[in-house]
Amino acid sequence: GRVQLGVKGNLAKIYTGHLARELGHEGAAESILRDLRYVPLEFDPILFSHLLTLCEKMKSIWMQDWMMRIAATLEEHFNRESNKYDYAVWAEAVLALEKIKPLLSKKILSQLILSQNSDGSFATSPAVKHPHVRGTGKIFEVLSATSGIDVKNITRAFQWLTKMQYTNTQLHFIPERERVFV
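Let me sum up the structure you'll find in this document. (Residues numbered from 1 in each chain as written. Predicted model: local features only at pLDDT ≥ 70, side-chain atom pairs only at ≥ 80, totals over all residues. Heavy atoms only, no water.)

Observations regarding the overall build of the protein chain
Next up, step 1: Scanning the protein chain from terminus to terminus reveals 9 helices and 0 strands.
Next up, step 2: Whereas a compact globule of 182 residues would reach a radius of gyration of roughly 16 Å, the protein chain reaches 17 Å, a difference of no more than 12%.
Next up, step 3: Taken over the C-alpha atoms alone, the protein chain extends approximately 50 × 35 × 25 Å along its principal axes.
Next up, step 4: Looking at the protein chain as a whole, 45% of its 182 residues are labelled buried. (Helix = DSSP H or I, 4+ residues; strand = E, 2+ residues; numbered from the N terminus. Rg over C-alpha atoms; globule rule 2.2 N^0.38 Å. Buried < 20%, exposed > 50% of the residue type's maximum accessible area, 1.4 Å probe, protein only.)

Structural notes on the layout of surface pockets
Next up, step 1: Taken as a whole, the largest pocket spans an internal volume of roughly 400 Å³.
Next up, step 2: Lining the largest pocket are 17 residues, and of these Thr53, Lys57, Glu92, Leu95 and Ala96 sit closest to its centre.
Next up, step 3: Contributing elements (two or more residues each) for the lining of the largest pocket: helix H1 (6-22), helix H3 (45-58), helix H5 (87-97) and helix H7 (133-145).
Next up, step 4: Taken together, the residues of the lining of the largest pocket sort by class into 6 nonpolar, 3 polar and 8 charged. (1 Å grid on protein atoms, 1.4 Å probe; cavity = no way out; pocket = protein on both sides within 12 Å on 5 of 7 lines; lining within 4 Å. Points joined across faces, edges and corners; volume = space filled by probe spheres on them. Nonpolar A, V, L, I, M, F, W, Y, C, P; charged D, E, K, R; others polar.)

Details of the nonpolar core
Next up, step 1: Leu33, Trp90 and Ile108 are the most contacted members of the largest nonpolar core, which totals 52 residues.
Next up, step 2: At the level of secondary structure, the elements contributing two or more residues to this core comprise H1, helix H2 (26-37), H3, helix H4 (64-81), H5, helix H6 (102-114), H7 and helix H8 (151-163).
Next up, step 3: It is H5 that provides the largest number of residues to this core, a total of 8 residues.
Next up, step 4: Residues in contact with Ile108, not counting those within four places in the same chain, are Phe78, Trp90, Ala93, Val94 and Leu97. (Core = buried A, V, L, I, M, F, W, Y, C linked by side-chain atoms within 4.5 Å. Contact = heavy atoms within 4.5 Å.)

Thoughts on the side chain of Thr146
Next up, step 1: Within the secondary structure, Thr146 is located in the loop between H7 and H8.
Next up, step 2: For Thr146, a relative accessible area of 10% corresponds to the buried category.
Next up, step 3: Within polar-contact distance, the side chain of Thr146 engages the backbone oxygen of Val142 at 2.6 Å.
Next up, step 4: If near-sequence neighbours (up to four positions away) are discounted, Thr146 is found in contact with Val94, Leu95, Glu98 and Leu109. (Polar contact = N/O pair within 3.5 Å; in protein donor to acceptor, adjacent residues only side chain to side chain.)

Here we look at the side chain of Ser144
Next up, step 1: The topology assignment puts Ser144 in helix H7.
Next up, step 2: Classification of Ser144 by relative accessible area gives buried; the value is 2%.
Next up, step 3: In contact with Ser144, other than residues within four places in its own chain, are Ile154, Ile174 and Glu178.

Here's the deal with the pattern of salt bridges
Next up, step 1: For the structure on display, the rule yields 12 salt bridges.
Next up, step 2: Residue Lys59 pairs with Glu56 through a salt bridge whose shortest N-O separation is 3.4 Å.
Next up, step 3: Overall, Lys59 belongs to the exposed group, its relative accessible area being 57%.
Next up, step 4: With a closest N to O distance of 2.9 Å, Glu75 and Lys101 form a salt bridge. (Salt bridge = Lys/Arg side-chain N within 4 Å of Asp/Glu carboxyl O.)

Remarks on the packing of aromatic side chains
Next up, step 1: Applying the stated criterion to the full structure yields 7 aromatic pairs.
Next up, step 2: Aromatic side chains Tyr85 and Trp90 sit 5.8 Å apart centroid to centroid with 85 degrees between the ring planes, which places their arrangement in the edge-to-face category.
Next up, step 3: Of the aromatic side chains, those joined through ring pairs into one cluster are Phe43, Phe48, Phe78, Tyr85 and Trp90. (Phe/Tyr/Trp six-rings, centres within 6.5 Å; stacked < 30°, edge-to-face > 60°.)

Overview of H1
Next up, step 1: Compared with the 24 Å implied by 1.5 Å per residue over 17 residues, the 24 Å span of H1 between its first and last C-alpha is a close match.
Next up, step 2: Residues of H1 that are buried: Val7, Asn10, Leu11, Ile14, Gly17, His18 and Ala20.
Next up, step 3: On the buried face of H1, the contacting elements are H2 and H3. (Expected span 1.5 Å × (residues − 1).)

Here's the deal with empty space enclosed by the protein
Next up, step 1: Scanning the entire structure with this criterion turns up 2 cavities of 30 Å³ or more.
Next up, step 2: Together, Tyr87, Ala88, Phe122, Ala123, Thr124, Pro131, His132, Gly135, Thr136 and Ile139 line the largest cavity.
Next up, step 3: Mapped onto the lining of the largest cavity, the elements with two or more residues apiece are H5 and H7.
Next up, step 4: A breakdown of the residues in the lining of the largest cavity according to their chemical character gives 6 nonpolar, 4 polar and no charged.
Next up, step 5: Lining the second largest cavity we find Phe78, Ser82, Tyr85, Tyr87, Trp90, Ile108, Gln111 and Leu112.
Next up, step 6: Only H5 and H6 provide two or more residues apiece to the lining of the second largest cavity.
Next up, step 7: In terms of residue count, the dominant contributor to the lining of the second largest cavity is H6 (3 residues).

Next up, the structure:
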């Protein structure tokens, strides 16, 4: 039988699949996805978002139905219990769902934007209004990679992060073409 790895173990497998694909080893990435397809996965927004992103990049016919189920699971959990999670854990879903469920992607994005504090940071969660650098950084990363975002939101987040000791050398996660806007 297959060993259940838990969220962190399965996320590590998905990251390995992304790496294999980037290195041109599509067969290895597909093998990882086939293994994951047949184990019960504990729900985690980051895990399901990265899984959906890898499936979308692979573009295999057999994954289409599975991708729709993954997206539906993300939607179900977001609609039912998004208030249980930190905002930052839903950030990856914005990009993962952009093509397969654009309305849900925009809904999550809107919630993230509404969580921005007046100082440019982002609230931790619906229940916790104070920010933390990791969460604001993740949301900033996603906003920077999403088209059609008001530059003011990105600039305010960037300015807050800069005050938190981010420098230009630490912005490697922001695509170069987007850095001119911040």
